[in-house]
Amino acid sequence: MKDPHQYSKVPKGRLSRLSKLGSLASRVATGMVAEGVKQLASGHRPKASELLLTPKNAQRVADQLAQLRGAAMKVGQLLSMDAGDLLPKELTELLSRLQADAKPMPISQLNHVLIANWGEDWQDKFAQFSFYPVAAASIGQVHRAKTKDGRDIALKIQYPGIGESIDSDVHNVSTLLNVSGLIPKSIDVSELLDEAKKQLHAEANYQKEAQYLKQFRQLLSDDARFLIPDIYDDLTCETILAMSFVEGIEIEQLAKQPQAVRDEVMALAFTLLFKEVFEFRLVQTDPNFANYRYNLTTNQFILLDFGATREYPEHVSEGYRQLMTGAVKNDRGSMLNALKQIGFFHQHIEDVAQQAVVNLCVEACEPLAFDGVYDFGVTEMGKRIRDAGSALSMNSGYWHTPPADAIFLHRKLGGLYLLAAKLKARVNVHALFKPYMR
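Everything numeric here is computed off the predicted structure, so don't read it as measured data.

Analysis parameters
Residues numbered from 1 in each chain as written. Predicted model: local features only at pLDDT ≥ 70, side-chain atom pairs only at ≥ 80, totals over all residues. Heavy atoms only, no water. Helix = DSSP H or I, 4+ residues; strand = E, 2+ residues; numbered from the N terminus. Buried < 20%, exposed > 50% of the residue type's maximum accessible area, 1.4 Å probe, protein only. Contact = heavy atoms within 4.5 Å. Areas by Shrake-Rupley, 256 points an atom, 1.4 Å probe, with all protein chains shown as cover. Pairing = 2+ DSSP bridges. Core = buried A, V, L, I, M, F, W, Y, C linked by side-chain atoms within 4.5 Å. pLDDT = per-residue confidence, 0-100. Expected span 1.5 Å × (residues − 1). Arc of directions from axis to C-beta. Phe/Tyr/Trp six-rings, centres within 6.5 Å; stacked < 30°, edge-to-face > 60°. Lys NZ or Arg CZ within 6 Å of the ring centre and 35° of its normal. Disulfide = S-S within 2.5 Å. Salt bridge = Lys/Arg side-chain N within 4 Å of Asp/Glu carboxyl O.

Enquirer: Explain the overall build of the protein to me, please; I cannot follow it from the model alone.
Expert: Broken down by element type, the protein carries 17 helices and 13 strands. Counting only residues that meet the buried cut, the protein has 53% of its 438 residues in that class. Sequence-distant contacts in the protein: of pairs separated by 6 or more residues, those separated by 24 or more amount to 72%. If you sum the accessible surface of the protein, you get close to 19,700 Å²; carbon and sulfur atoms cover 52% of it.

Written out as structure tokens, the structure is:
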């Protein structure tokens with residue numbers, strides 16, 4: 001785990017969190033002035049955008065969002081994934097670090113959280129409790145412990161004040177990014193941010209997450225290839241989630257494993273996605289690699305986090321079945337109708353723009369349409385999707401806001417593609433999808 005000196009207290013009150021963002025804005029402005037003087041002295045007259053987007057200013061933004069954690073950090077993660085192709089490279093790279101760059105809270109603050117939830121005598125429940133977290137993310141951090149009755153558990157403990165700060169954090173961060181010019185004015189992220197608020201409120205309710213975890217355990221109970229922890233209700237509350245501790249290595253570490261292992265893991269990941277969308281209509285939409293582990297001894301794909309679980313209505317699920325089937329069959333008319341069924345194009349959008357969106361979907365469905373083993377290690381699909389998405393978004397006549405269900409599902413699919421590329425996996429995605437074709 002991280003050096004204890006890297007721990008930082010989570011600002012809890014609304015005013016203290018706002019002041020952190022205010023001081024960030026002033027430091028960004030100060031950095032602009034300093035950089036401007038430096039460039040003028042060297043004979044270069046810089047544009048304002050060049051001054052805003054210096055690596056130091058982008059670093060300040062990323063570091064401050066990481067210190068605030070919660071919604072502030074999550075907004076940075078969302079923007080890095082959903083608008084990453086549109087944001088300047090320097091900001092995108094730094095925001096992407098927020099995927100797993102939270103600083104844990106100090107032990108004194110952790111103890112206060114545990115007393116607030118379990119009472120002054122909370123330690124009486126445990127034979128052993130590690131005060132140093134095994135993981136720290138945007139909403140909470142994870143600790144390992146053993147109860148006096150012998151249970152080996154993982155405790156996800158929420159940072160204090162996170163739930164109450166969601167709406168104001170999202171508003172403050174979006175204001176900061178817009179006013180500072182770090183997001184181009186041509187990009188409208190308001191709907192994405194509104195949806196982020198809803199999603200974050202759901203993620204901050206650990207009792208709700210516990211229900212989803214139990215639901216997935218039931219849905220996958222007859223498939224031993226997947227492993228989901230048990231929930232311990234006696235220790236779980238709205239801001240503490242108690243689960244059985246499961247052994248497994250981080251999914252990214254599988255890059256060192258033999259090709260067959262990497263291929264099997266990604267085949268399981270795509271198998272699960274298709275089950276979620278077409279059978280369960282219940283999708284864990286957070287693509288963060290930290291949500292997965294793999295047990296090399298039992299060959300089980302481990303699912304750890306269900307905070308971003310989203311229920312999908314039948315018309316959206318069937319719309320994606322039709323969209324993907326249309327891509328496999330090269331039926332663009334069927335794909336266009338499927339997009340409309342999902343909820344695209346509810347705003348007025350030109351026919352040529354609709355076809356451009358279909359083109360983008362054709363690119364994104366390439367692994368499904370390819371009848372054979374698709375090699376994610378050599379494909380340039382990601383670059384083609386980025387280029388097509390950037391061109392689409394920068395054309396004002398083409399701009400439209402996708403439905404929220406689509407945004408979150410595309411994040412999940414994009415995350416699987418990124419993981420498959422990182423592992424250089426070879427997967428017959430076409431064969432995995434074929435049973436769901438209509």
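Enquirer: Explain the sheet that holds strand S9 (residues 292-295) here, please?
Expert: Sheet strands pair via backbone hydrogen bonds, and the direction of the pair is either parallel or antiparallel. Ordered by their spatial adjacency, four strands build an open sheet running S5-S10-S9-S7, and the pairing between neighbours is mixed. The open sheet has two edge strands, strand S5 (226-227) and strand S7 (249-250), and neither has a second partner. When S9 meets strand S10 (residues 300-303), the two strands line up antiparallel, connected through four bridges. The residue bridging Asn295 from the neighbouring strand is Gln300, located in S10.

Enquirer: I'm lost on the nonpolar core in this one. Help?
Expert: In a soluble, globular protein the nonpolar side chains are often hidden away together inside. Ranked by size, the top nonpolar core spans 98 residues in total, and within it Leu155, Phe270, Phe301 and Tyr320 carry the most contacts. Element by element, the count of residues in this core is highest for helix H10 (residues 259-280), at twelve residues.

Enquirer: Help me out: how do you make sense of the confidence of the model for the protein in this one?
Expert: The predicted structure's coordinates, where accompanied by low pLDDT, should not be read in detail. Across the protein, pLDDT averages 78, with 68% of residues at or above 70. Note that residues 1-5 has pLDDT below 50 and, in this model, twelve contacts with residues that lie over four places away or in other chains. Across residues 81-87, confidence stays below pLDDT 50; counting only partners more than four residues off in sequence or on other chains, it has 24 contacts.

Enquirer: I would appreciate a short explanation of helix H6 (residues 107-118) in the present structure.
Expert: An α-helical segment advances 3.6 residues per turn. Residues three or four places apart therefore align on the same side. Across its twelve residues, H6 extends 16 Å between first and last C-alpha, which sits within 8% of the 16 Å expected from 1.5 Å per residue. Where H6 is concerned, the buried positions are Gln109, Leu110, Val113, Leu114 and Trp118. Each buried residue of H6 sits inside an arc of 145° when the element is viewed along its axis, so together they form one side. In H6, the exposed positions angled more than 90 degrees off the buried face are occupied by Ser108, His112 and Ala116. Residues of H6 that are buried in the fold lie against strand S1 (126-129), strand S3 (140-147), strand S4 (152-158) and strand S6 (240-244). Where H6 ends, the next residue or the one after it, Gly119, has phi of about 95°, a positive value.

Enquirer: Where do I start with the pairing of S10 in this structure?
Expert: One face of the sheet, then the other: side chains in a regular strand alternate in exactly this way. Covered by surrounding structure in S10 are Gln300 and Ile302 together with Phe301 and Leu303, the residues of both alternating faces. Pairing of S5 with S10, which is carried by two bridges, proceeds in the parallel orientation. Paired with Phe226 across the two strands is Phe301, which belongs to S10. Between the antiparallel neighbours S9 and S10 lie four residues, among them Asn299 with a positive phi of about 55°.

Enquirer: Teacher, can you tell me more about the pairing of S3 here?
Expert: Judged by how many residues are buried, S3 sits mostly within the fold: six of eight residues are covered. Two strands pair when backbone bridges link them, and S1 and S3 are joined in this way by three bridges, in the antiparallel orientation. Paired with Gln128 across the two strands is Lys146, which belongs to S3. Here seven bridges tie S3 to S4, and the two strands are oriented antiparallel to one another. Paired with Lys146 across the bridge in S4 is Asp152. Between S3 and S4, which pair antiparallel in sequence order, lie four residues; one of them, Gly150, sits at a positive phi of approximately 95°.

Enquirer: Please clarify how the packing of aromatic side chains should be interpreted in this entry.
Expert: How two aromatic rings sit relative to each other is given by the distance of their centres and the angle of their planes. Across all of its chains, the model carries 22 aromatic pairs by this definition. Centre to centre, the rings of Trp122 and Phe126 are 6.1 Å apart; their planes meet at 65°, and the pair counts as edge-to-face. Taking the centre distance of 6.1 Å and the plane angle of 50° together, the rings of Phe274 and Tyr436 count as tilted. Of this pair, Phe274 sits in helix H10 while Tyr436 sits in the segment after helix H17 (429-433), and the two are 162 residues apart along the sequence. Note that Arg144 overlies the ring of Phe245, its terminal NZ or CZ placed 3.7 Å from the centroid. The ring of Tyr206 carries the charged tip of Lys156 above its face, separated from the ring centre by 5.0 Å.

Enquirer: Honestly, the environment of Pro287 in this entry has me stumped. Any pointers?
Expert: Inspection of the secondary structure assignment puts Pro287 in the loop between strand S8 (282-284) and S9. Under the relative-accessibility criterion, Pro287 is labelled buried at 4%. The spacing of Pro287 and Gly414 is 127 residues in sequence and 7.7 Å in space, taken between C-alpha atoms.

Enquirer: Which parts of the structure should I look at to understand the state of the cysteines?
Expert: Linking two cysteines covalently through their sulfur atoms gives a disulfide. Scanning all chains against the criterion turns up zero disulfides. Summary of cysteine pairing: Cys361 is not part of a disulfide, and the nearest cysteine sulfur, belonging to Cys365, is at 6.3 Å. Among the residues examined, Cys361 registers a relative accessible area of 12% and is labelled buried.

Enquirer: I would appreciate a short explanation of the pattern of salt bridges in the present structure.
Expert: Between side chains of opposite charge, a pair can form when the charged atoms approach closely. Under the defined criterion, the tally for this structure stands at 17 salt bridges. Across the salt bridge formed by Asp230 and Arg217, the nearest N and O atoms sit 2.9 Å from each other. With a gap of 13 residues between them, Asp230 in the loop between S5 and S6 and Arg217 in helix H9 (residues 206-219) connect regions that are remote in the sequence. Accessibility expressed as a relative area gives 32% for Asp230, which makes it partly exposed. In this structure, Glu318 and Arg321 form a salt bridge, with 2.9 Å as the shortest nitrogen-oxygen distance. Taken together, the positions of Glu318 and Arg321, both in helix H11 (residues 314-329) and three residues apart, correspond to about one turn of that helix.

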